[in-house]
Amino acid sequence: MRVLIVEDERKVAQFLKKGFQSEAFAVDIAPDGSEGLRLAMSNTYDAIVLDVMLPKMSGLEVLEELRRQRITTPILILTARSDVEDRVKGLNSGADDYLPKPFSFSEVLARVRAIVRRTSADVRGSVLEMGDVRMDLLTRSVARGTKPITLTNKEFELLEYLLRNKGRVLSRVTLTEHIWDMDFDTETNVVDVLVNRLRRKLEDGFATKVILTIRGVGYVMKESADADPS
Ligand code: CA
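Residues numbered from 1 in each chain as written. Predicted model: local features only at pLDDT ≥ 70, side-chain atom pairs only at ≥ 80, totals over all residues. Heavy atoms only, no water.

Trainee: Hey, could you run me through the coordination of the calcium ion in this one?
Mentor: Distances from the calcium ion to its protein donors, D8 (OD), D51 (OD) and M53 (O), fall at 2.1 to 2.3 Å. You can call D51 buried: its relative accessible area is 2%. (Donors = N, O, S within 2.8 Å, 3.2 Å for Na, K, Ca; no water. Buried < 20%, exposed > 50% of the residue type's maximum accessible area, 1.4 Å probe, protein only.)

Trainee: Is there a simple way to think about the pattern of salt bridges in this case?
Mentor: Note on pairing: side chains with opposite charge can pair once their charged atoms come close. In this structure the tally under the stated criterion is 16 salt bridges. A salt bridge links R134 to E129; the shortest N-O distance between them is 3.7 Å. Its relative accessible area of 41% is what places R134 among the partly exposed residues. Looking at E129, the relative accessible area reads 30%, which means it is partly exposed. Residues R172 and D192 are paired through a salt bridge, measuring 2.7 Å at the closest nitrogen-oxygen approach. Taken together, the positions of R172 in helix α7 (residues 172-179) and D192 in helix α8 (residues 190-203) put the pair 20 residues apart, joining distant regions of the chain. Through salt bridges with shared partners, a single network forms among E7, E9, D51 and K101. (Salt bridge = Lys/Arg side-chain N within 4 Å of Asp/Glu carboxyl O. Helix = DSSP H or I, 4+ residues; strand = E, 2+ residues; numbered from the N terminus.)

Trainee: Would you mind going over helix α1 (residues 10-22) with me for this structure?
Mentor: Helical geometry note: an α-helix holds 3.6 residues per turn, so side chains three or four residues apart project in the same direction. For α1, with 13 residues, the first-to-last C-alpha span of 18 Å sits near the 18 Å given by 1.5 Å per residue. Listed as buried for α1 are V12, A13, L16, K17, G19 and F20. The buried residues of α1 occupy an angular sector of 165 degrees when the element is viewed end-on, so they sit on one face. Turned more than 90 degrees off the buried face of α1, the exposed positions are R10, K11 and K18. If you follow the buried residues of α1, they end up packed against β1 (2-6), β2 (26-30), β3 (47-51), β4 (75-79) and α5 (105-119). Count one or two residues on from α1 and you reach A24, which has phi positive near 70 degrees. (Expected span 1.5 Å × (residues − 1). Arc of directions from axis to C-beta. Contact = heavy atoms within 4.5 Å.)

Trainee: Teacher, can you tell me more about the side chain of T73 here?
Mentor: With respect to the helices, strands and loops of the structure, T73 is situated in the loop between α3 (59-68) and β4. Ignoring sequence-local partners within four residues, the contact set of T73 consists of Y45, D46, A47, I48, R67 and D96.

Trainee: What is the right way to read the packing of aromatic side chains from this model?
Mentor: Any two aromatic rings considered together are summarised by their centre-to-centre distance and by the angle between their planes. Counted under the stated rule, the structure contains 3 aromatic pairs. Ring centres of F20 and F25 lie 5.1 Å apart, and the angle between their planes is 50 degrees; this geometry places the pair in the tilted category. Here F20 matches F25 in class, with each residue buried. Geometrically, the ring pair formed by F20 and F105 is edge-to-face, given 5.0 Å between the ring centres and 85 degrees between the ring planes. One end of the pair, F20, is in helix α1; the other, F105, is in helix α5, and 85 residues separate them in sequence. (Phe/Tyr/Trp six-rings, centres within 6.5 Å; stacked < 30°, edge-to-face > 60°.)

Trainee: Is there a simple way to explain the pairing of β4 in this structure?
Mentor: Remark: a regular strand shows side chains that alternate across the two faces of the sheet. Along β4, 5 of the 5 residues are buried, which leaves the element largely enclosed by surrounding structure. With burial as the criterion, each face of β4 is covered, one bearing I75, I77 and T79 and the other bearing L76 and L78. Relative to β4, β3 is paired through 4 bridges, and the arrangement is parallel. Pairing of I48 across the sheet is with I75, part of β4. In this fold, the crossover linking β3 to β4 by way of α3 has right-handed handedness. (Pairing = 2+ DSSP bridges. Right-handed = clockwise from strand over helix to strand, strands pointing away.)

Trainee: Got a minute to help me understand unusual backbone geometry in this structure?
Mentor: Phi is mostly negative for residues that are not glycine, and the peptide bonds are mostly trans. Omega for the bond connecting K101 with P102 falls within 30 degrees of zero, at -5 degrees, which places this linkage in the cis form. Within the secondary structure layout, P102 lies in the loop between β5 (97-100) and α5. Phi at A24 takes a positive value of approximately 70 degrees, unusual for a residue other than glycine. The residue A24 is located in the loop between α1 and β2 in this model. Of note in this structure, R140 is not a glycine but carries a positive phi near 55 degrees.

Trainee: Any chance you could explain the sheet that holds β5 here in plain terms?
Mentor: The strand order β2-β1-β3-β4-β5 describes an open sheet built from 5 strands, whose pairing is parallel. Where the open sheet ends on each side, the last strands, each with one partner, are β2 and β5. Across this sheet, the average inter-strand angle for adjacent strands is 20 degrees, counted without regard to direction. Judged from the 4 bridges that link them, β4 and β5 form a sheet pairing that is parallel. Residue pairing in the sheet places T79 in a bridge with P100 of β5. (Axes fitted to C-alpha atoms, helices over the stretch in contact; angles between N-to-C directions.)

Have a look at this one:
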């Protein structure tokens, strides 16, 4: 998953960035409202963490503009003000949730995971499934059939994204955008390396493939016994 943090207090932004990175999220930071708006409009994020009190443009103005532009990325509002008015304004302007400062990272993480889950169409509860592959987002466990599968954080992120988009062909660029931040060098074949590692864990010892390569395009997670065309 890739998140955008719009926060002018450097310490808070770095605290959030470190936390999200330790959960294998890709993280971009915008230090003011207008940069936040620019990044949110030009990149694809799975969630945005948006402070209210920001230089150049307030968080609420950013939020209103994004929703006016029909950008539906789930947004968690952070605010130092505990007053109810801000909260009501934020939720009325299309925020998905609200968290008063100070907060612990585990609260932010839980809220962000919840808003992403709520806005994702293809999730029943906390479980993502395709064929005999089953992923539980709450317990962070994965199994194929009765076999439990242990994944690294990045492999988990990749599988979650593939499952949320099962049946859709995802380009290397799309996968990279969701799994790594904007400083990441997209020229490398690290996506393919990660896909191959995940694939070995999911497919070794099984008769059917679950991740197919679409030559020259990318990858698709599909319930199919078709031979991999690559
Ligand atoms: Ca602030």
